[in-house]
Amino acid sequence: MNIRRLRDRLEVLYRKYNNRTFISNDPVEFPHRYKNPEDILLTGFIAALYSYGKVNLFKVVLERIFANLKGEPAYVLRNSTDSDIREFSKGNYYRFYKESDTEVLLRVLRDILRRKRLQEFFENIFADKDIITALIEMRKTFISKISKEAKLSEGIKFMFPDPTSGSASKRQFMFLRWMVRKDEIDFGIIRKLSPSELIIPLDTHTANIGRLLKMTERRSNDLKCAMEITAFLREIEPIDPVKYDFALAHTGISGGCRHIYTEAICKDCILSEFCNNRGL
């Protein structure tokens, strides 16, 4: 495979999709509504945790949560009482998450905000560790704090998957991509982690396109698959391997790739020479 030529083609996709025109179909839309880094981190973290399933369904829940937190979500949450948070959480359930899961998450985030800035909180976790070790620590930190507030529910366990179980941890890696990288889409707020260390947040589109482009042969969308695709992308862009994540995902979201050979689409695809064109 001609890596340089593939990089040139991925750059075309990057220029096409990696702009704010496409954020309305992506949960990164929510932190883009704010300017304050604390608000961006808070809304980005919550948005990432709720980002599974159909976009139009989880966006409804996120709209309600952020409407309750008004224009200064970090300030409002920091100064909220337990009663306030209970009101904020009413009606905010989604698939595996119950109202009580939203409530306990907001209480824990409020307590963190009262002790330190979120930027400091996340940077302390990710400083001087490899990303998997740090992700495990972040999960343990939240599980520990939540356990002091309430019994661990199935929703909370799904909210904070265990990387040691092989979970791709897509939502956590997506949050990190948003907050570590810096371009028109990503914010570059967390500086204790290098973009070169990031792992691709594996969704259906990036996994399937990764297979079509022979970045991985794994059939399971697990952590090993995410790491194999990231390793391939690191050969193309060593200092920023997840640079093309947003573009690849939105190539699928937009219908620019249907993951199987479709002549009307595939014949003009700029990646066609690299694609196995056999579908999945």
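Engineer: How do you make sense of the pattern of salt bridges when you look at a structure like this?
Structural biologist: Using the criterion set out here, one finds 23 salt bridges in the structure. Of the charged contacts, one joins arginine 5 and glutamate 273 as a salt bridge, the two residues approaching to 2.8 Å between their closest N and O atoms. One end of the pair, arginine 5, is in helix α1 (residues 3-17); the other, glutamate 273, is in the segment after α14 (263-266), with 268 residues separating them in the sequence. Note on glutamate 273: relative accessible area 44%, which makes it partly exposed. The salt bridge involving glutamate 137 is made with lysine 129; its shortest N-O contact spans 3.6 Å.

Engineer: Just to check I follow, could you spell out empty space enclosed by the protein for this structure?
Structural biologist: Remark: the empty space left among the atoms is shown by a probe the size of a water molecule rolled over them. If you walk through the whole model with that rule in mind, you get two cavities of 30 Å³ or more. Ranked by residue count, the leading element in the lining of the second largest cavity is helix α8 (residues 131-149), at three residues. Of the residues in the lining of the second largest cavity, the class split is five nonpolar, two polar and one charged.

Engineer: Honestly, α8 in this entry has me stumped. Any pointers?
Structural biologist: Since one α-helical turn is 3.6 residues long, residues separated by three or four positions face the same way. The terminal C-alpha atoms of α8 lie 27 Å apart, and with 19 residues this matches the ideal 27 Å at 1.5 Å per residue to within 8%. Three or more residues of α8 are buried, namely Ile131, Ile132, Ala134, Leu135, Met138, Thr141, Phe142, Ile143 and Ile146. In this structure, the buried side of α8 is in contact with α2 (37-49), α6 (99-115), α7 (118-126), α9 (154-159), α10 (170-180) and α12 (223-236). The opening residue of α8, the one whose side-chain oxygen lies 3.1 Å from the backbone nitrogen of isoleucine 132, is aspartate 130.

Engineer: What's the story with unusual backbone geometry in this structure? I'm lost.
Structural biologist: As a rule of thumb, non-glycine residues mostly have phi less than zero, and peptide bonds are mostly trans rather than cis. Of note in the backbone geometry, serine 169 takes a positive phi value of approximately 50° without being a glycine. The residue serine 169 is located in the loop between α9 and α10 in this model. By relative accessible area, serine 169 is classed as buried at 3%. You will see that lysine 214, though not glycine, has its phi angle at about 65°, which is positive. Assessed through its relative accessible area of 46%, lysine 214 is described here as partly exposed.

Thresholds, definitions, all that
- Residues numbered from 1 in each chain as written.
- Predicted model: local features only at pLDDT ≥ 70, side-chain atom pairs only at ≥ 80, totals over all residues.
- Heavy atoms only, no water.
- Salt bridge = Lys/Arg side-chain N within 4 Å of Asp/Glu carboxyl O.
- Helix = DSSP H or I, 4+ residues; strand = E, 2+ residues; numbered from the N terminus.
- Buried < 20%, exposed > 50% of the residue type's maximum accessible area, 1.4 Å probe, protein only.
- 1 Å grid on protein atoms, 1.4 Å probe; cavity = no way out; pocket = protein on both sides within 12 Å on 5 of 7 lines; lining within 4 Å.
- Points joined across faces, edges and corners; volume = space filled by probe spheres on them.
- Nonpolar A, V, L, I, M, F, W, Y, C, P; charged D, E, K, R; others polar.
- Expected span 1.5 Å × (residues − 1).
- Contact = heavy atoms within 4.5 Å.
- Polar contact = N/O pair within 3.5 Å; in protein donor to acceptor, adjacent residues only side chain to side chain.

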